[in-house]
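Topology and contacts: notes
Below, each chain spelled out in residue letters.
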Amino acid sequence: MEPAKTKKDSWNSQVGVILAVSGSAVGLGNFLRFPGQVAEFGGGAFMIAYFLSFLLIGLPICWAEWSLGRMGSKVGFNASPNILGAITNKPAFKYLGVIAVVIPISIYMYYVVIEAWCLAYAVNYLAGNMQFSETSEASGFFGSLIGVSENGSALKWDIKHVGFYVLIVFGINFIFIYRGLSRGIELFCQYAMPTLVIIAVVILVRVLTLGTPDEDYPNRNIINGLGFMWNPSKIVLQVQETPDSNWMDKEEILPTQLTPEMRSAIEANPDQRLEKRSMWSQLLNPDLWLAAASQIFFSLSVGFGIIVTYASYMKKDDDIVLSGLSAASANEFCEVALGGLISIPAAVAFFGVSGLAAIGLGTFDIGFNVLPLVFARMPFGMLFGFLFFFLLFLAAVTSSLSMLQPGVAYLEESMGLNRRQSVTILGAFTASGAGFVLYFSEGLKALDTIDYWVTNLLMVLLSLLQIIIFAWVIGIKKGFEEAHQGAAIRIPRVFGFVMKYVTPTLLIIIFGSWLLKALGVGIGGSAGSINNYIRDLFVEPNTVAWMSVGLILLVVLFIGMIIPSSKKMTKTNNQEEVSS
């Protein structure tokens, strides 16, 4: 494989690349998806699975991606297909590497739509349109804004519908993407990252000083909100409608809420009982581990195909071990210490644990349905609501700017295009995809379908591919030698064992569990049923679902067809030369 032409694009500084990679990772997953996952899986037990997934899956893949990217830079490549083909001396890997370009392009096509939701909320807070008193009002506004009731209903050009904002978001994204790495992406992240952290800290301080917002509900307070997030055990009130019926969960009761009087009243009622669920019993739930591992992929942007490309623009003696750890740590701070501590305690303080469950715990519910009600009841709530959703918008832009760089690099290398030509082609392609997602908004079917197959199938496969290449094809010894070149710190030796055996095994288990659940096979003693995404394709075919999967396949075809046309892919380098 012949090296590509000398790269003109590069990072200005190592701090700049850390901020850019952190910006890629810090996004809507931190402030929307993470709180929703914590709430859905009961707090503390999820946090344990989450941190273990970070250590055993996220961080190992992160270091592997940084190392693979810089190895690619030494042979003059920036695109994952070309990098994986060159450094392994196995041309077949370049075809598998196509996944690393398909994933960020596919995600970008719906991510910019969600990004536009955030901007729309920020603008509507400034316009004073967000004074909600009931859950139905908040969910009604959200549904109308995004067009959830009818396809095409979001395509109205006023401030209460998202179509107008998608155009603005596309414009902002492509202004900076056109400018390149240092003058565009790095420049934006250098200002946006500190700004979003400052805004988040201001909101966090306000949330943590809320105390007990309503004295009529003394158990709804910030302390109990923090307890819900971090307490690994749960006490659940169960009810039985008839003596022969099954016991059903009614609500979770925090330990601080369970007074002797309440316990006595429950014990005196034959139709009610308390069930204590230990941390260990919750950790036996495979769904919890699947959710925690999936969140780590979002949290660190591993398995996206972005870090490999970003790292390929670094110099051969830049510290990738500390850079990777710094970027991962910055993301974890934003996710856990900011995103989680803002949303969960505030929601519990205003609605209680049972009220939170009643509202619904989908991916977007905490952010777009629950928090607007919180801000509406908070002093200076409109200001803090604007700040929060502007924070989400900044976080989303720092992520979306990174998503087309793998595609840009691939078009430049494989077709000999310059940056403006590559960005123009990808801009037209992704605009069509985003238009598809925006139009087919009923029930969020298009968005949800694309997200499901990309994140549950392609991202896990790419992560598994990359960790196998690093640990087994290249080898831990040579991989660590590459990682430690110019490094101020060394990867702990135990991670050699983790990266070779533990991480691949866990990824295979995650993929196998997902596949079994999707096909309706019960796991862990639970009854299984075919999930809605399989049902939409094969049991009760849904036209929009099929078109959404077709859009992903179109991206695969678009990227895959470029490989044979690349003259650079006709020969291969010797792996020993790459590793030296």
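As shown above, the structure is provided for reference.
My aim in this report is to walk through the structure given alongside it, one point at a time. (Residues numbered from 1 in each chain as written. Predicted model: local features only at pLDDT ≥ 70, side-chain atom pairs only at ≥ 80, totals over all residues. Heavy atoms only, no water.)

As a further point, take the overall build of the protein. Per the secondary structure count, the protein includes 24 helices and three strands. Computed over C-alpha atoms, the radius of gyration of the protein comes to 24 Å, within 12% of the 25 Å expected from 2.2 N^0.38 for 580 residues, which places it in the range of a compact globule. Considered along the principal axes of its C-alpha atoms, the protein spans approximately 80 × 50 × 50 Å. Within the span of the protein, comprising 580 residues, buried residues form 58% of the whole. Sequence-distant contacts, at least 24 apart, represent 80% of the contacts inside the protein between residues at least 6 apart. Accessible surface for the protein amounts to roughly 22400 Å². Of this, 62% is attributable to carbon and sulfur atoms. (Helix = DSSP H or I, 4+ residues; strand = E, 2+ residues; numbered from the N terminus. Rg over C-alpha atoms; globule rule 2.2 N^0.38 Å. Buried < 20%, exposed > 50% of the residue type's maximum accessible area, 1.4 Å probe, protein only. Contact = heavy atoms within 4.5 Å. Areas by Shrake-Rupley, 256 points an atom, 1.4 Å probe, with all protein chains shown as cover.)

Counting 205 residues, the largest nonpolar core has Phe46, Trp66 and Trp117 as the members making the most contacts within it. Broken down by element, this core gets its largest block of residues, 22 residues, from helix α6 (residues 99-126). With sequence-adjacent residues up to four places away left out, Trp117 is seen in contact with Phe142, Leu145, Ile146, Val162, Phe364, Phe368, Leu444 and Leu447. Counting five residues, the second-largest nonpolar core is a separate cluster that includes Ile235, Leu237, Leu258 and Ile266. (Core = buried A, V, L, I, M, F, W, Y, C linked by side-chain atoms within 4.5 Å.)

On to the side chain of Gln238, then. Among the structural elements, Gln238 can be located in strand β1 (residues 234-239). Classification of Gln238 by relative accessible area gives buried; the value is 5%. Within the structure, the side chain of Gln238 is placed 2.8 Å from the side chain of Arg273, a separation counted as a polar contact. Gln238 has contacts with Trp247, Met248, Asp249, Lys250, Asp271, Gln272, Arg273, Glu275 and Arg277, leaving out every residue within four places of it along the chain. (Polar contact = N/O pair within 3.5 Å; in protein donor to acceptor, adjacent residues only side chain to side chain.)

A contiguous nonpolar surface patch, about 580 Å² in accessible area, is contributed by Leu155, Trp157, Phe164, Leu167, Ile168 and Tyr439. If one sorts the elements of the nonpolar patch by residue count, helix α8 (residues 163-178) sits on top with three residues. Tracing the sequence through the fold places Tyr439 in helix α19 (residues 419-439). For Tyr439, a relative accessible area of 38% gives the class partly exposed. (Patch = residues over 30% accessible without salt bridge, like charges linked within 9 Å, V, L, I, M, F, W, Y side chains within 5 Å. Salt bridge = Lys/Arg side-chain N within 4 Å of Asp/Glu carboxyl O.)

Moving on, we get to the side chain of Ser548. Secondary-structure assignment places Ser548 in helix α23 (residues 543-560). One polar contact links the side chain of Ser548 to the main-chain carbonyl oxygen of Val544, over a distance of 2.8 Å. If sequence neighbours within four positions are ignored, Ser548 has contacts with Phe436, Lys445, Ala446, Thr449 and Ile450.

If you check α6, its first and last C-alpha atoms are 41 Å apart, about what 28 residues at 1.5 Å a residue would give, namely 40 Å. The largest bend in α6 comes to about 35°, at Met109. Within α6, 26 of the 28 residues are buried, leaving the element largely enclosed by the surrounding structure. At the exit of α6 stands Gly128, carrying a positive phi of roughly 75°. (Expected span 1.5 Å × (residues − 1). Bend = angle between axes of the 7 residues up to and from the residue.)

This paragraph deals with the packing of aromatic side chains. For the structure on display, the rule yields 40 aromatic pairs. Residues Tyr125 and Phe389 carry aromatic rings whose centres are separated by 5.7 Å and whose planes lie at 20° to one another, so their mutual orientation is stacked. Here the residue Tyr125 occupies a position in helix α6, and Phe389 occupies one in helix α17 (residues 381-403), the gap between them amounting to 264 residues. Owing to a relative accessible area of 0%, Phe389 belongs among the buried residues under this scheme. Considering the side-chain rings of Tyr452 and Trp514, the 6.0 Å spacing of their centres and the 45° angle between planes classify their relative orientation as tilted. With Tyr452 in helix α20 (residues 445-484) and Trp514 in helix α21 (residues 494-518), this residue pair connects regions lying 62 residues apart in the sequence. Among the aromatic residues, those joined into a ring-pair cluster are Trp117, Tyr121, Tyr125, Phe132, Phe141, Phe142, Phe368, Phe375, Phe388 and Phe389. Taking NZ or CZ as reference, Arg220 lies 4.1 Å from the ring centre of Tyr217, over its face. The ring of Trp472 has Lys500 lying over it, and the distance from NZ or CZ to the ring centre is 4.6 Å. (Phe/Tyr/Trp six-rings, centres within 6.5 Å; stacked < 30°, edge-to-face > 60°. Lys NZ or Arg CZ within 6 Å of the ring centre and 35° of its normal.)

Moving on, we get to empty space enclosed by the protein. All told, the structure shown has two cavities of 30 Å³ or more when counted by the stated rule. Volume-wise, the largest cavity comes out at about 40 Å³. Lining the largest cavity are Val21, Ala25, Cys62, Trp66, Leu300, Ile307, Ala327 and Ala328. Counting residues per element, the ones that place at least two in the lining of the largest cavity are α1 (14-25), α3 (44-74) and α15 (320-359). The residue makeup of the lining of the largest cavity, split by class, is eight nonpolar, no polar and no charged. In terms of lining residues, the second largest cavity is bounded by Val113, Trp117, Ile146, Ala154, Val162, Val437, Leu438, Ser441, Leu444 and Leu447. (1 Å grid on protein atoms, 1.4 Å probe; cavity = no way out; pocket = protein on both sides within 12 Å on 5 of 7 lines; lining within 4 Å. Points joined across faces, edges and corners; volume = space filled by probe spheres on them. Nonpolar A, V, L, I, M, F, W, Y, C, P; charged D, E, K, R; others polar.)

The next point concerns unusual backbone geometry. Phi is positive for Ser301, close to 60°, though the residue is something other than glycine. As for its position among the elements, Ser301 is in the loop between α13 (286-300) and α14 (306-311). Located in the positive-phi region is Leu444, a residue other than glycine, with phi close to 55°. Tracing the chain through its elements places Leu444 in the loop between α19 and α20.

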